[in-house]
Amino acid sequence: MTEHKGRLLALILTAAVAAPSVGATPFLASTQVDPGLALLDEIGMRADADNDGRITDVEINVFAQKAFPLLDADGNGSLDDEEMRGTPAMSGLAAFRDREQAYSASMGVVFDLFDRDGSGSVDAEEYRIGLTRGAVRADRDGDGALSRNEFRNAFFVSRALRRGLIE
Ligand SMILES: [Ca+2]
Ligand SMILES: [Ca+2]
Ligand SMILES: [Ca+2]
């Protein structure tokens, strides 16, 4: 096995292992899931804590509380643009695909959207508010929650990840 294939396999396994409900999720039923989409769906499934296919405002807030400390690698209570680029799985996938520039540019836009006061860092409250507002905007059918499709296709973070990693 080549080194590249090994790394890709590791990424896919990471995504699969991290998603406990693979078998029950129509999303991942396809045999040919793009690893970038798999990562995105993994985030969606984590956000949808009760796994009912809808990400509610409450779930977004809980997700923000859980995700922020994971992103805040140096633990200083705020995210810089480097930390906003997210988990090694994502930046690793961007590197694997020679998409570091696209990924970086895409996540830079996301960072600016979160950093509302333009301070160059995103604190926990800015992060929470950013996710909440993004969810409201992505709620295309106005039912007060994000369906999996709304999360995948309309939520600004998902769109940025797709632009950076896939499209
Ligand atoms: Ca839910
Ligand atoms: Ca930090
Ligand atoms: Ca909705």
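Quick caveat, the model's predicted, so the values are computed rather than measured.

### Looking at the UniProt feature "domain: EF-hand" (unreviewed entry) in the chain
Logical step 1: On the UniProt side, "domain: EF-hand" (unreviewed entry) is annotated at positions that read residues 102–137 and 139–161 here.
Logical step 2: Here residues 102–137 is 75% helix and 6% strand, with 24 Å between the C-alpha atoms at its ends.
Logical step 3: With 52% helix and 13% strand, residues 139–161 has end C-alpha atoms that lie 18 Å from one another.

### Topic: the nonpolar core
Logical step 1: Core analysis: the largest hydrophobic core is formed by 31 residues, its most contacted members being Ile55, Ala135 and Leu146.
Logical step 2: Among the secondary structure elements, those contributing two or more residues to this core are helix H2 (35–47), helix H3 (57–71), helix H5 (88–96), helix H6 (100–114), helix H7 (124–138), strand S4 (145–147) and helix H9 (156–165).

### Some remarks on H5
Logical step 1: Along H5, the residues classified as buried are Met90, Leu93 and Ala94. An end-on view of H5 places all buried positions within 100 degrees of arc, on one side of the element.
Logical step 2: Among the residues trailing H5, aspartate 98 stands out with phi positive, at a value near 55 degrees.

Parameters and conventions
Residues numbered from 1 in each chain as written. Chains lettered and ligands numbered in written order. Predicted model: local features only at pLDDT ≥ 70, side-chain atom pairs only at ≥ 80, totals over all residues. UniProt positions renumbered as here; feature names shortened; annotations may be inferred. Helix = DSSP H or I, 4+ residues; strand = E, 2+ residues; numbered from the N terminus. Core = buried A, V, L, I, M, F, W, Y, C linked by C-beta atoms within 7 Å. Buried ≥ 20, exposed ≤ 12 C-beta atoms within 10 Å, placed from the backbone. Arc of directions from axis to C-beta.

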